Amino acid sequence: MCVMSKNGITPQTNGLDTKGHSSNPASSTALQRMTPLILYGYLFNTICYFLVYALLPTNLTPAPTYCPDDNPNCTRRDLLAFQIVSFLNLSYLGLL
């Protein structure tokens, strides 16, 4: 798309340089600003998961579909820990 200027017709770049990259410095600084928050959130989720996993009792028996071998020692604390951490994440997003 071209735009008329005083000197004639000039191409409109829509904030992109000649190689198609964003020439807006705000986009790169926003990523740099948010990187620590993203990493802290990932670390928080990982710590929460392992904390919940460690605190759950070992005698939790899942439904037979999750342990089809009828193994009496089958425990799936990982499933419940994942569901709890997912609930925390979705609750946080719901508050935003």
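Predicted, not measured: the structure shown is a model, and the values here were computed from it.

## Digging into the side chain of arginine 77
Take arginine 77: it is sitting in helix 2 (residues 77–95). One buried charge, arginine 77, has no salt-bridge partner; the nearest side chain with opposite charge is aspartate 78, at 7.5 Å. At a separation of 3.2 Å, a polar atom in the side chain of arginine 77 contacts the main-chain carbonyl oxygen of leucine 56. Among all residues touching arginine 77, those that are not within four sequence positions of it are Tyr53, Ala54, Leu56, Pro57, Thr58 and Leu60.

## Some remarks on the packing of aromatic side chains
Considering all chains together, one arrives at two aromatic pairs under this definition. Between the aromatic rings of tyrosine 49 and phenylalanine 50, the centroid separation amounts to 5.3 Å while the plane-to-plane angle is 75 degrees, which identifies the pairing as edge-to-face. For phenylalanine 50, a relative accessible area of 51% gives the class exposed. Judged by centre distance (6.2 Å) and plane angle (20 degrees), the ring pair of tyrosine 49 and tyrosine 53 falls under stacked. With tyrosine 49 and tyrosine 53 both in helix 1 (residues 25–55) and four residues apart, the pair spans about one turn of that helix. The structure contains a cluster of three or more aromatic residues connected by ring pairs, namely Tyr49, Phe50 and Tyr53. The ring centre of tyrosine 53 lies 4.3 Å from the NZ or CZ of arginine 77, which sits over that ring.

Calculation notes
Within any chain, residue numbers begin from 1 and follow the written order of that chain's sequence. Reporting of local features is limited, given that this is a predicted model, to residues whose pLDDT is at least 70; pairs of side-chain atoms are given and counted only at 80 or more, and all residues count toward the totals for whole chains, interfaces and linings. Only hydrogens and water are set aside when side-chain values are computed; all heavy atoms of the structure are taken into account. The helix count covers DSSP runs of H or I at least four residues long, the strand count covers runs of E at least two residues long, and both are numbered beginning at the N terminus. We call a residue buried when its accessible area falls under 20% of the maximum for its residue type, exposed when it is over 50%, and partly exposed in between, using a 1.4 Å probe and counting protein chains only. The positive count covers Lys and Arg only, the negative count covers Asp and Glu only, and His and the chain ends enter neither. Any Lys or Arg side-chain nitrogen located within 4 Å of an Asp or Glu carboxyl oxygen qualifies as a salt bridge. For the purposes of these results, a polar contact is taken to be a pair of N or O atoms within 3.5 Å, where, inside protein, one atom must be able to donate a hydrogen and its partner to accept one; residues adjacent in sequence count only when each atom of the pair is a side-chain atom. Two residues qualify as a contact provided that any one of their heavy atoms is within 4.5 Å of a heavy atom in the partner residue. Note on ring pairs: Phe, Tyr and Trp rings are taken, using the six-membered ring of Trp, and paired if centres are within 6.5 Å. Classes follow the plane angle, with under 30 degrees stacked, over 60 edge-to-face and the rest tilted. Consider the ring centre and the ring normal. A charge sits over the ring if Lys NZ or Arg CZ is within 6 Å of that centre and within 35 degrees of that normal.

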